[in-house]
Amino acid sequence: MKIKYAVALLLLGGISLFSGCNDDLTLVGSTIQPQGDRNTVYIDTFRMTASTVKRDSLYAKTTRGLLGEIYDPLYGHLKSDYLCQFYCAENYRFPHKPHMGMIDSVKLKIRFFFWTGDGHALMRTRVYAVNKPLERNYYTNLNPADYSDMQNALGTQVYTAFGCFSDSFSTGQKDPETRKEIKVPRYSLNIALPKELGTRFYNEIVNNPSSFATQEAFNRFFPGLYITTDYGSGNILDVSNTQLYLYYQRPKSSKNDTLVRDSVMFQVTKEVIQHSRFQHTDEEKLLTPNDQYAYIKTPAGIYPRLVIPSREIAKTIKGRYTNGLVFSIKYEPQENWKYAMSPPSHLMLMPEDSLRTFFENRSIENNMTTFLSTDNKIGEYGYNATTRTYYFGNIISLLNVHIKEKPDEDLRLLIVPVERDFAPTMDQYRRNITGYYTKAIHNYLMPSGVKFPIDQEHMKIVVLSSKYTGK
């Protein structure tokens, strides 16, 4: 059986898939085929086109929030704030009766571990009461003024991120060398609210306990808070939790009337609604059509759109078996200025018409029509920082499905920044990590920005196909 050496080198990785256009190579079949059976292997090069598009809002069902404002010379301004409800257990009651039925103080605590930008930037937060129940619409284009009393702020607080240090939080892990517990700094932005709010809570429990019987009843009594900033720029907090504390004094015990300080706490949880709101300006440069770059900006809904010439491909490969379309995308280095935007952790490649349902249905990658980027290793990262490349593997199934279902349309794809919740897979002895599996996929909401070259060289794709040609 004869093998052409060029094909042998190709199969061994000796020839780049991006090295030629419309090459026709002959390959002898595998050893399980009858002597003399032959397949012809084709390597065809095509070119995609790319542009940058913007969605009007993002699906953002989360208990995390972003608070603050930043500016980037390339990616423009981003201002973020949020509205939130607070969880109330069924038939909630104060665990102890406040002394003389009095609430001493009320504090809103905005907890965070991380931030984007300058931790010393001087900012001011402002808190407003939400005056009607929030709707279960998790898109980010709502107007807080439709839900809040914007004429009367409940509280304000000037802060810097560094100045909000609270304590150290245990990660539950130990340093492999010192065996000491690993702790990370935890921060808390504390905002004093009127104690009358706490008094209102306690009086309602005493006089109308049905307001605390269910979450729905509690939402009617206390629809929530709108938390924003009205001064300063240069920092956005990655809020991990929002908590409302009501402080009071009570007797130490039934036999000891010494007064001690106590509190009750309500917080944002997954059972209630949190609405994130993002405002963006100065994005014209990103969205202006050009033949140099396509951009990602989060959480702005700015993505690259790729158009694969599937109609041309279908004509070229007609009558063949499709074997491969290995896809990756390379990004440019980070901009050379302080607090420059960094790349998002992962990207999802999907048909443009699948975007809305993908997140609403809480889907994950299926490796048939949706593909999650990797670092081309078994690592948990979604890109290789050394090669500056997001790898998606073989996406030939996506092309095949599209050609079958929409033969008269070119394939339009979006590259969407996502956050991946994942866990490791272990070997049979549960000693070594063999890979990672996806638990959930969310829109990537942290500030990030990256640009991709879209010149002709970077827009090449190669389709590998084959055809049985007999003996």
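Scroll up to find the structure this text is about.
Below you will find a few notes about this structure.

Conventions and cut-offs
- Residues numbered from 1 in each chain as written.
- Predicted model: local features only at pLDDT ≥ 70, side-chain atom pairs only at ≥ 80, totals over all residues.
- Heavy atoms only, no water.
- Phe/Tyr/Trp six-rings, centres within 6.5 Å; stacked < 30°, edge-to-face > 60°.
- Lys NZ or Arg CZ within 6 Å of the ring centre and 35° of its normal.
- Salt bridge = Lys/Arg side-chain N within 4 Å of Asp/Glu carboxyl O.
- Helix = DSSP H or I, 4+ residues; strand = E, 2+ residues; numbered from the N terminus.
- Buried < 20%, exposed > 50% of the residue type's maximum accessible area, 1.4 Å probe, protein only.
- Polar contact = N/O pair within 3.5 Å; in protein donor to acceptor, adjacent residues only side chain to side chain.
- Patch = residues over 30% accessible without salt bridge, like charges linked within 9 Å, V, L, I, M, F, W, Y side chains within 5 Å.
- Areas by Shrake-Rupley, 256 points an atom, 1.4 Å probe, with all protein chains shown as cover.
- Contact = heavy atoms within 4.5 Å.
- Pairing = 2+ DSSP bridges.
- Core = buried A, V, L, I, M, F, W, Y, C linked by side-chain atoms within 4.5 Å.
- Disulfide = S-S within 2.5 Å.

## Some remarks on the packing of aromatic side chains
Thought 1: Summed over the entire model, instances satisfying the criterion amount to 36 aromatic pairs.
Thought 2: An aromatic cluster is built from Phe86, Tyr92, Phe94, Phe201, Tyr202, Phe212, Phe218, Phe221, Phe222, Tyr248 and Phe266, whose rings are joined through pairwise contacts.
Thought 3: Above the plane of the ring of tyrosine 245 lies lysine 109, whose end atom (NZ or CZ) is 4.7 Å from the centre.

## A word on the pattern of salt bridges
Any two side chains of opposite charge can pair, on the condition that their charged atoms come close.
Thought 1: Summed over all chains, the structure comprises 18 salt bridges.
Thought 2: Among the ionic pairs, glutamate 283 bridges to lysine 54, the shortest N-O distance being 3.3 Å. In this pair, glutamate 283 sits in the loop between strand E14 (274-281) and helix H4 (284-287) while lysine 54 sits in strand E3 (residues 49-54), placing the two residues 229 residues apart along the sequence.
Thought 3: We classify glutamate 283 as buried; its relative accessible area is 7%.

## With respect to the environment of asparagine 256
Thought 1: Relative to the assigned elements, asparagine 256 resides in strand E13 (residues 256-267).
Thought 2: Asparagine 256 sits in the partly exposed class, given a relative accessible area of 28%.
Thought 3: The sequence separation of asparagine 256 and methionine 48 amounts to 208 residues, and the corresponding C-alpha distance is 78 Å.
Thought 4: A polar side-chain atom of asparagine 256 sits 2.7 Å from a polar atom in the side chain of threonine 258.

## Regarding a nonpolar patch on the surface
Thought 1: There is a patch of nonpolar side chains on the surface, built from Leu122, Val158 and Tyr231 and spanning about 290 Å² of accessible area.
Thought 2: Summarising the element assignment, leucine 122 is placed in the loop between strand E6 (105-117) and strand E7 (123-130).
Thought 3: On the accessibility criterion, leucine 122 (45% relative accessible area) is partly exposed.

## Remarks on the side chain of threonine 242
Thought 1: Tracing the sequence through the fold places threonine 242 in strand E12 (residues 235-253).
Thought 2: Setting aside its immediate chain neighbours within four residues, threonine 242 contacts Tyr82, Cys84, Phe86, Leu108, Lys109, Ile227, Phe266, Gln267 and Val268.

## Thoughts on the environment of isoleucine 103
Thought 1: Following the sequence through the fold, isoleucine 103 ends up in the loop between strand E5 (76-84) and E6.
Thought 2: Considered as a pair, isoleucine 103 and isoleucine 227 are 124 residues apart in the sequence and their alpha carbons are 23 Å apart.
Thought 3: Excluding residues that lie within four positions of it along the chain, isoleucine 103 makes contacts with Phe94, Pro98, Lys195, Gly198, Thr199, Tyr202, Tyr247 and Tyr248.

## With respect to unusual backbone geometry
Thought 1: Residue proline 299 is bonded to the preceding threonine 298 through a cis peptide linkage, with omega at 0°.
Thought 2: Among the structural elements, proline 299 can be located in the loop between strand E15 (293-298) and strand E16 (302-308).
Thought 3: For arginine 362, which is not a glycine, the phi torsion comes out positive at approximately 55°.
Thought 4: Checked against the element boundaries, arginine 362 lands in the loop between helix H6 (355-360) and strand E20 (371-372).
Thought 5: Phi angles above zero are rare outside glycine, and arginine 388 is one such case at about 55°.

## Quick look at the pairing of E12
Thought 1: Here E12 lies mainly inside the structure; 14 of its 19 residues are buried.
Thought 2: Where E6 and E12 come together, twelve bridges link them in antiparallel fashion. Paired with valine 106 across the bridge in E12 is leucine 246.
Thought 3: Sheet analysis places E12 next to E13, joined by ten bridges and oriented antiparallel. In the strand pairing of E13, serine 253 is matched with asparagine 256.
Thought 4: Hairpin connection, E12 to E13: the antiparallel pair is bridged by two residues.

## Re the nonpolar core
Thought 1: Within the largest apolar cluster, 41 residues are counted, with the highest numbers of intra-cluster contacts made by Phe86, Leu108 and Phe201.
Thought 2: Broken down by element, the residue count for this core peaks at five residues, all from E12.
Thought 3: Excluding anything up to four places from it in sequence, leucine 108 contacts Phe86, Val127, Leu189, Asn190, Ile191, Leu193, Leu225, Ile227, Thr242, Gln243 and Leu244.
Thought 4: Grouped together as the second largest cluster of nonpolar side chains are 40 residues, Leu58, Tyr138, Met341 and Met348 included.

## Section: the environment of threonine 389
Thought 1: Tracing the chain through its elements places threonine 389 in strand E21 (residues 389-394).
Thought 2: On the basis of relative accessibility, which here comes to 7%, the residue threonine 389 falls in the buried class.
Thought 3: Taking C-alpha positions, threonine 389 is 7.5 Å from aspartate 375, a pair spaced 14 residues apart along the chain.
Thought 4: In this view, threonine 389 contacts Ser328, Ile329, Lys330, Tyr331, Thr374, Tyr383 and Asn384; residues no more than four positions away in its chain are not counted.
Thought 5: A polar atom in the side chain of threonine 389 sits 2.9 Å from the backbone oxygen of threonine 387.

## Thoughts on the pairing of strand E4 (residues 65-72)
Thought 1: In terms of burial, E4 is a largely internal element, six of the eight residues being buried.
Thought 2: As paired elements, E4 and E12 share five bridges and run antiparallel to each other. The partner of glutamate 69 across the bridge, within E12, is asparagine 235.
Thought 3: Note that E4 and E5 share five bridges and pair antiparallel. When the sheet's bridge partners are listed, tyrosine 71 is paired in E5 with histidine 77.

## A few points about the state of the cysteines
In a disulfide, the sulfur atoms of two cysteines are held together by a covalent bond.
Thought 1: A complete count under the given rule lists zero disulfides for this structure.
Thought 2: Cysteine cysteine 88 is unpaired, with the sulfur of cysteine 84 as its nearest cysteine sulfur at 15 Å.

## A look at the side chain of threonine 52
Thought 1: Here threonine 52 lies in strand E3.
Thought 2: Of the residues examined, threonine 52 reaches a relative accessible area of 12% and is grouped as buried.
Thought 3: Among the polar contacts made by the side chain of threonine 52, one reaches the main-chain amide nitrogen of tyrosine 295 at a distance of 3.0 Å.
Thought 4: With near-sequence residues (within four places) excluded, threonine 52 lies in contact with Leu286, Leu287, Tyr293, Ala294, Tyr295, Ile302 and Tyr303.

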